[in-house]
2 protein chains.
Amino acid sequence: MTHIYNFSAGPAVLPKEVLTQAAAEMLDWHGSGMSVMEMSHRGPEFMSIYKAAERDLRELLAVPDNYKILFMQGGGLSQNALVPLNLLGHKPAGATIDFIYTGSWSAKSIKEAGKYANVNIAASSTTSVPPQSEWRLTPGAAYLHMCTNETIDGVEYDFDGGVPAARQDVLFVADMSSHILSRVIDVSKYGVIFAGAQKNIGPAGVTIVIIRDDLLGQALPACPSAFDFKLVADNESMYNTPPTYGIYIAGLVFQWLKAQGGVAEMERRAKAKAALLYAALDLDDFYQNRVAPANRSRMNVPFYLKDESRNEAFLAGAKARGLLQLKGHKSVGGMRASIYNAMPIEGVQALVDYLNEFAGR
Amino acid sequence: MTHIYNFSAGPAVLPKEVLTQAAAEMLDWHGSGMSVMEMSHRGPEFMSIYKAAERDLRELLAVPDNYKILFMQGGGLSQNALVPLNLLGHKPAGATIDFIYTGSWSAKSIKEAGKYANVNIAASSTTSVPPQSEWRLTPGAAYLHMCTNETIDGVEYDFDGGVPAARQDVLFVADMSSHILSRVIDVSKYGVIFAGAQKNIGPAGVTIVIIRDDLLGQALPACPSAFDFKLVADNESMYNTPPTYGIYIAGLVFQWLKAQGGVAEMERRAKAKAALLYAALDLDDFYQNRVAPANRSRMNVPFYLKDESRNEAFLAGAKARGLLQLKGHKSVGGMRASIYNAMPIEGVQALVDYLNEFAGR
């Protein structure tokens, strides 16, 4: 069989070592006689898995002690509603949420938040991240929402070492779904960070929320209990039965990340992989990427053929070479290569070789 | 190793054949070169898995064409909020929901629904199901909520062939989390059926909703889009990224159920397993089950030792014999044996043998 490289934007490639271990442990986890799927979430076996996953994620991201890590369900999309439902309970009716609009995921967040609050688009661009000096913030806004990596548009925040400069007067809420764990961040700059797992963490169906503990307990009355951050935090993510198997796989990914050298090493690799791929795209005008260089995503690389009539031929040739799921999102067309942590540089090199071959270089 | 029998109330035992197949396919599903966890949810590979799972569940439960099957996230608990959020949008403010209170799960549903509507407890008992003749229903109620099997209290509906008689004037909403697929039901009697997967369907993190299609499109404005039944239905459960791996495992369970003879065969086995276990509990007063015989659950069998000072000794002896997770729910104490579809009668016989041994019979 041709070696497969899977460039899906998510659910996405996972480390082979993780899948191999999961397969080996499927029927009997550590001599327990049970699959992880069959364990009571409150039993000692699963609790040990849960606590290790929480501890390893805390270590990988250097999450301060005054932040809780929640393992929830519903995906990043659900957080577009759950964040306002959880943060607006102590705000006056008609409170405003500021947004930085940088693409498709910001747009979804803005639309959803409009159900619960006034929304203000403080700055807008889908080919770059507007500089802070241009943000028109609302005095007294409940919080500022940003999507720090736009999966569809390929726009990634890249100032101040990858995260925005802290501002005492602004509460930052960040959707990091598609680049969490790929670069060093300073969690203390944020009030809330959330991420769907199915890009850089593990299987779809797990959602990570990292929240400063003074923000707990501010839910609106309409917030479902199963999604009330304080209830989830107070019950160690077991107010509801958590997605146990997904948490187990995420935990294996966290162990793999630590063994690889942690987030700093992932960032080094991500820079190298992205540089290799963008250089091939920039070599001439056969391919195009429309994002400002400083904000090009290291995780999601959208690109267009100058001659779009050849799109199908490009994809067919890629598939024949084991380069899978390169078709761009239907809303923007073109191509997209997602090169998450679990994508080895050999996969990016194989794609670059094909880019050059197809361009007749 | 001692043969293990896992009596967990959920997450719970899964068929060995399902786990074996999942392990074998973990790194390469059907020659695709990908794990199911790595597949785009919109790609042809996962879509084929999804459609087969939906089709098989529809066949197993004989779901009529005018019902949608949704694969959601959040667990049965989340549906206590999501059902009112989805059904009350066309009702006047102050609408009433009727409830039949039969135990812990009804109690949670009642408490949660109170956030969104008036609630009326139309009938109440935690050791039997009140007969319909005693229900004090609210004229014009939005719907009637029932938990048709109480996982903690071991109370199961068992009139009219296992489901309540249809009433033209009442919209039935049923939480079937802990006995779905264990008995033949008539879906057409219900407006909405929901079930967390982690008892009789598959891994935690998948929630099944079966809804009559005229009930779609009635969400309250505060309902998060990711949990809006109409949006989920219109997008074949892919408005949000679904819990792909959990759906895959559920699909394998559905295939296993079909191969075993379907729901009618599961009902036959459940009756046999429950009869065997309750007979051992009823033999003398060493053990006690407090539920009215007609409403004793075939899935969750709570019981108490007459001499509760021996509880720890009972559990230790059970564990030594490979009979796991028999401790009762902390809210009610005692013991509980959950004997879902995937529990073979050999497991129940092993438990019965131990019950007799421990009682000195």
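This structure is a prediction, so every number in the text was calculated from the model and none was measured.

**Points about the pairing of strand 5 (residues 143–147) of chain A**
All names here are of chain A. For strand 5, the tally of buried residues reaches 5 of 5 residues, placing the bulk of the element in the interior. What you see with strand 5 is no split at all: Tyr-143, His-145 and Cys-147 on one side and Leu-144 and Met-146 on the other are buried throughout. Where strand 3 (residues 96–101) lies against strand 5, 3 bridges are found, and the strand directions are parallel. Across the sheet, the residue bridging to Asp-98 is Leu-144, located in strand 5. As paired elements, strand 5 and strand 8 (residues 172–175) share 4 bridges and run parallel to each other. Across the sheet, the residue bridging to His-145 is Val-173, located in strand 8.

**As for the UniProt feature "binding site: pyridoxal 5'-phosphate" (unreviewed entry) in chain A**
When the UniProt feature table is mapped to this numbering, "binding site: pyridoxal 5'-phosphate" (unreviewed entry) covers A:Trp105, A:Thr151, A:Asp175, A:Gln198, A:Asn240 and A:Thr241. Across 137 residues in sequence, these annotated residues place their C-alpha atoms as far as 29.3 Å from one another, rather than forming a single compact spot. Locating A:Gln198 in the fold gives a position in the loop between strand 9 (192–196) and strand 10 (207–212). The class for A:Gln198 is buried, based on a relative accessible area of 7%. Not counting residues within four places of it along the chain, the set of residues in contact with A:Gln198 comprises A:Gly10, A:Pro11, A:Ala12, A:Pro203, A:Ala204 and B:Thr241.

**Considering the environment of A:Asp282**
Residue and element names in this part refer to chain A. Mapped onto the secondary structure, Asp-282 falls in helix 7 (residues 262–282). Taking relative accessible area as the criterion, Asp-282 reaches 42% and is therefore assigned partly exposed. Sequence separation of Asp-282 and Ser-133 is 149 residues, and the distance between their C-alpha atoms is 29 Å.

**Quick notes on the relation of the copies chain B and chain A**
Expressed as a screw transformation, the operator carrying chain B onto chain A has a rotation angle of 180° and an axial translation of 0.0 Å, and the superposed copies differ by an RMSD of 0.0 Å. Read as a symmetry element, the transformation amounts to a two-fold axis. Among all residues of chain B, the minimum C-alpha distance to the rotation axis is found for B:Ala23, at 2.2 Å. With an isologous cut-off of 70% or more, the 98% of interface residues of chain B that recur at the interface of chain A puts this contact in the isologous class.

**Quick word on the sheet that holds strand 12 (residues 300–305) of chain B**
Residue and element names in this part refer to chain B. The strand order 11-12-14 describes an open sheet built from 3 strands, whose pairing is antiparallel. Pairing within the sheet leaves two strands with one partner each, and these edge strands are strand 11 (287–288) and strand 14 (335–338). Sheet topology places strand 12 next to strand 14; 4 bridges connect them, and they run antiparallel. Each bridged residue has a counterpart across the sheet, and for Val-301 the counterpart in strand 14 is Ala-337. Contacts from helix 7 (residues 262–282) reach strand 11, strand 12 and strand 14 within the one sheet, and its direction differs from that of strand 12 by about 15°.

**Here's the deal with the domain arrangement of chain A**
All names here are of chain A. Here chain A is described as being made up of domain 1 (17–259) and domain 2 (261–358). Centre-to-centre separation of domain 1 and domain 2, based on C-alpha positions: 26 Å. Of the residues lining the interface, 27 residues belong to domain 1; the matching set on domain 2 comes to 25 residues. Across the domain 1/domain 2 interface, buried area totals approximately 2100 Å², and carbon plus sulfur atoms make up 51% of it. Counting across the domain 1 and domain 2 interface gives 1 salt bridge. Taking the shortest distance from any N to any O, the salt bridge between Asp-158 and Arg-298 comes out at 3.9 Å. Broken down by secondary-structure element, the contributors of at least two residues to the side of domain 1 that touches domain 2 are helix 2 (44–61), strand 7 (155–156) and helix 6 (244–260). Of the residues in the side of domain 1 that touches domain 2, the class split is 11 nonpolar, 10 polar and 6 charged.

**Focus on the interface of chain B and chain A**
The accessible area lost on association of the parts is a frequent measure of interface size. On the chain A side, the residues contacting the 60 residues of chain B number 60 residues. Considering only the side of chain B, the residues that lose the most area to chain A are B:Leu27, B:Met37 and B:Glu38, jointly responsible for 14% of the buried surface there. Linking chain B to chain A there are 0 salt bridges. Taken together, chain B and chain A are joined by 20 residue pairs in polar contact (both at pLDDT 80 or more). Considering every element that reaches the side of chain B that touches chain A, the biggest residue donor is helix 3 (residues 75–87) of chain B, with 6 residues. A per-class count over the side of chain B that touches chain A returns 33 nonpolar, 21 polar and 6 charged.

**Things to note about empty space enclosed by the protein**
Applying the stated criterion across every chain yields a total of 6 cavities of 30 Å³ or more. Taken as a whole, the largest cavity encloses approximately 130 Å³ of empty space. Forming the walls of the largest cavity are 13 residues, and the residues nearest its centre are A:Ala204, A:Tyr245, A:Gly246, B:Ala204 and B:Gly246. Across the lining of the largest cavity, the residue classes break down as 9 nonpolar, 4 polar and no charged.

**Focus on the nonpolar core**
One broad rule of soluble globular proteins: the nonpolar side chains tend to lie buried together. Core analysis: the largest hydrophobic core is formed by 127 residues, its most contacted members being A:Tyr245 and B:Tyr245. Excluding residues within four positions of it along the chain, B:Tyr245 makes contact with A:Met26, A:Met37, A:Tyr245, B:Ala22, B:Met26, B:Val36 and B:Met37. Core analysis: the second largest hydrophobic core is formed by 65 residues, A:Leu85, A:Leu87, A:Val173 and B:Leu216 among them.

**Here's the deal with the sheet that holds strand 14 (residues 335–338) of chain A**
All names here are of chain A. Pairing is antiparallel in the open sheet, where 3 strands are placed in the order 11-12-14. In this open sheet, the two strands that pair with only one neighbour each are strand 11 (287–288) and strand 14. With 2 bridges joining them, strand 11 and strand 12 (residues 300–305) adopt antiparallel strand pairing. If you follow Tyr-287 over to strand 12, its bridge partner there is Leu-305.

**Concerning the side chain of B:Thr207**
Residues and elements named next belong to chain B. Among the structural elements, Thr-207 can be located in strand 10 (residues 207–212). Here Thr-207 falls in the buried class, since its relative accessible area comes to 0%. Within the local environment of Thr-207, its side chain forms a polar contact with the backbone nitrogen of Gly-75, the two atoms lying 2.8 Å apart. In this structure Thr-207 touches Leu-70, Phe-71, Met-72, Gln-73, Gly-74, Gly-75, Gly-76, Gln-79, Ala-195 and Gly-196, once residues within four positions along its chain are discounted.

**Overview of the side chain of B:Ser297**
Residue and element names in this part refer to chain B. With respect to the helices and strands, the residue Ser-297 is situated in the loop between strand 11 and strand 12. Within the local environment of Ser-297, its side chain forms a polar contact with the side chain of Asn-149, the two groups lying 2.7 Å apart. Apart from the residues lying within four places of it in its own chain, the contact partners of Ser-297 are Asn-149, Gly-154, Val-155, Glu-156 and Tyr-278.

**Overview of the UniProt feature "modified residue: N6-(pyridoxal phosphate)lysine" (unreviewed entry) in chain A**
Residues and elements named next belong to chain A. Listed under "modified residue: N6-(pyridoxal phosphate)lysine" (unreviewed entry) in the UniProt record, and renumbered for this structure, are Lys-199. With respect to the secondary-structure elements, Lys-199 resides in the loop between strand 9 and strand 10. For Lys-199, a relative accessible area of 12% gives the class buried. Apart from residues no more than four positions distant in its own chain, Lys-199 is found in contact with Ala-9, Gly-10, Ala-12, Thr-151, Ser-177, Ser-178 and Tyr-340.

Parameters and conventions
Residues numbered from 1 in each chain as written. Chains lettered and ligands numbered in written order. Predicted model: local features only at pLDDT ≥ 70, side-chain atom pairs only at ≥ 80, totals over all residues. Heavy atoms only, no water. Buried < 20%, exposed > 50% of the residue type's maximum accessible area, 1.4 Å probe, protein only. Helix = DSSP H or I, 4+ residues; strand = E, 2+ residues; numbered from the N terminus. Pairing = 2+ DSSP bridges. UniProt positions renumbered as here; feature names shortened; annotations may be inferred. Contact = heavy atoms within 4.5 Å. Least-squares fit on C-alpha atoms with pLDDT ≥ 70 in both. Axes fitted to C-alpha atoms, helices over the stretch in contact; angles between N-to-C directions. Domains from an automatic or database assignment. Buried area = accessible area lost by both parts, 1.4 Å probe. Salt bridge = Lys/Arg side-chain N within 4 Å of Asp/Glu carboxyl O. Nonpolar A, V, L, I, M, F, W, Y, C, P; charged D, E, K, R; others polar. Polar contact = N/O pair within 3.5 Å; in protein donor to acceptor, adjacent residues only side chain to side chain. 1 Å grid on protein atoms, 1.4 Å probe; cavity = no way out; pocket = protein on both sides within 12 Å on 5 of 7 lines; lining within 4 Å. Points joined across faces, edges and corners; volume = space filled by probe spheres on them. Core = buried A, V, L, I, M, F, W, Y, C linked by side-chain atoms within 4.5 Å.

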